[in-house]
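# Notes for the structure review
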Amino acid sequence: MQAHDTEKTATMLRLFRYESWDPKVVAEAHSDLGLLSIVVGNVPGLEVWDGHGWFEVEREVARAGMKGASLLVGRQLERLSNGRYGAGGHRVVSYGLPEADGVARRALPEGHVGRYRFSIVFVLRAHEPVVVDSDTLETRITGKWEEGVRGVTAGEMYERIRRKHYNINIDVEEREKQRRNIEKVKGRGTG
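Below, the structure is looked at part by part. These numbers come from a predicted model, not from an experiment. (Residues numbered from 1 in each chain as written. Predicted model: local features only at pLDDT ≥ 70, side-chain atom pairs only at ≥ 80, totals over all residues. Heavy atoms only, no water.)

### Quick notes on unusual backbone geometry
You will see that N82, though not glycine, has its phi angle at about 60 degrees, which is positive. Position of N82 relative to the elements: it lies in the loop between α2 (75-80) and β7 (90-94). (Helix = DSSP H or I, 4+ residues; strand = E, 2+ residues; numbered from the N terminus.)

In structure tokens form, the structure reads like this:
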């Protein structure tokens, strides 16, 4: 933690605990808002959208007898790359009791069953005071922006992105309220 607010950054490290082994979706489908997210879970559960269906990325890593982290592109990087790198849609599921799933069971520490999935998520966001000018970001890879970004700080850009999405990490009632408000704004054509 920073000693002073002036040293604060938008980048963060979050710890998640998903309770119970009931088979279900425990974090609904979404894309992160920042530049990049790195996710590490203690048992398989992260699934990524590959354009056709849900790919069980952590299960596949465990099936291969390996351990690893997943790197996800966020909406801020999608915007800064002019859409060349799409935000990585993902969700977290519980596949059920690890004893019933040999892959999940092997991913747990020796002799440990527990009743939670734990994950660590590192979120990288652009430094908020940096002024973004899409003209300086145009390359053969990014191409020309149809809707340029000029004179906007990375913090303002992040806030614009955030206002168009609801927070999946809050209780269901508040999340539904955010979702309704966003739909109302979209219905007025101002979103």
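Having seen the structure, we can now continue with the description.
### Some thoughts on the environment of S94
In this fold, S94 is placed in strand β7. S94 sits in the buried class, given a relative accessible area of 11%. Once the C-alpha coordinates of S94 and W21 are considered, the two residues, 73 residues apart in sequence, prove to be 6.1 Å apart. At 3.1 Å, the side chain of S94 forms a polar contact with the backbone oxygen of D22. (Buried < 20%, exposed > 50% of the residue type's maximum accessible area, 1.4 Å probe, protein only. Polar contact = N/O pair within 3.5 Å; in protein donor to acceptor, adjacent residues only side chain to side chain.)

### Things to note about the sheet that holds strand β5 (residues 54-55)
Strand pairing within a sheet occurs via backbone hydrogen bonds; the two strands may be parallel or antiparallel. The 4 strands lie next to each other as β2-β7-β4-β5, forming an open sheet whose pairing is antiparallel. Strands at the two margins of the open sheet, each flanked by one partner only, are β2 (24-30) and β5. Bridge count for strand β4 (residues 46-49) against β7 is 3 bridges, and the pairing is antiparallel. Counted as the bridge partner of E47 is R91 from β7. (Pairing = 2+ DSSP bridges.)

### A closer look at the layout of surface pockets
In this structure, the largest pocket encloses a volume near 800 Å³. The leading source of residues in the lining of the largest pocket is helix α6 (residues 172-187), at 6 residues. Here the residues of the lining of the largest pocket sort into 15 nonpolar, 10 polar and 12 charged. Of the pockets and cavities examined, the second largest pocket occupies roughly 390 Å³. (1 Å grid on protein atoms, 1.4 Å probe; cavity = no way out; pocket = protein on both sides within 12 Å on 5 of 7 lines; lining within 4 Å. Points joined across faces, edges and corners; volume = space filled by probe spheres on them. Nonpolar A, V, L, I, M, F, W, Y, C, P; charged D, E, K, R; others polar.)

### A look at the pattern of salt bridges
This structure, assessed with the given rule, holds 10 salt bridges. Between E138 and K144 there is a salt bridge, with the nearest N and O atoms lying 3.6 Å from each other. A residue is classified by how much of its surface remains accessible, and K144, at 59% relative accessible area, is exposed. For the salt bridge of E159 with R162, the shortest nitrogen-to-oxygen distance reads 2.6 Å. Highlighted residues: E159 and R162, both in helix α5 (residues 154-163), separated by 3 residues, approximately one helical turn. Under the relative-accessibility criterion, E159 is labelled partly exposed at 29%. (Salt bridge = Lys/Arg side-chain N within 4 Å of Asp/Glu carboxyl O.)

### Some details on the sheet that holds strand β6 (residues 70-73)
Reading across from one edge, β1-β8-β3-β6 is the order of the 4 strands in this open sheet, with antiparallel pairing throughout. Each end of this open sheet is capped by a strand with a single partner; those strands are β1 (12-19) and β6. Ignoring which end each strand starts from, the neighbouring axes of this sheet average 25 degrees apart. Pairing analysis gives 8 bridges linking β1 to strand β8 (residues 116-124), with the strands arranged antiparallel. From the neighbouring strand, L15 faces β8, where its bridge partner is I120. (Axes fitted to C-alpha atoms, helices over the stretch in contact; angles between N-to-C directions.)

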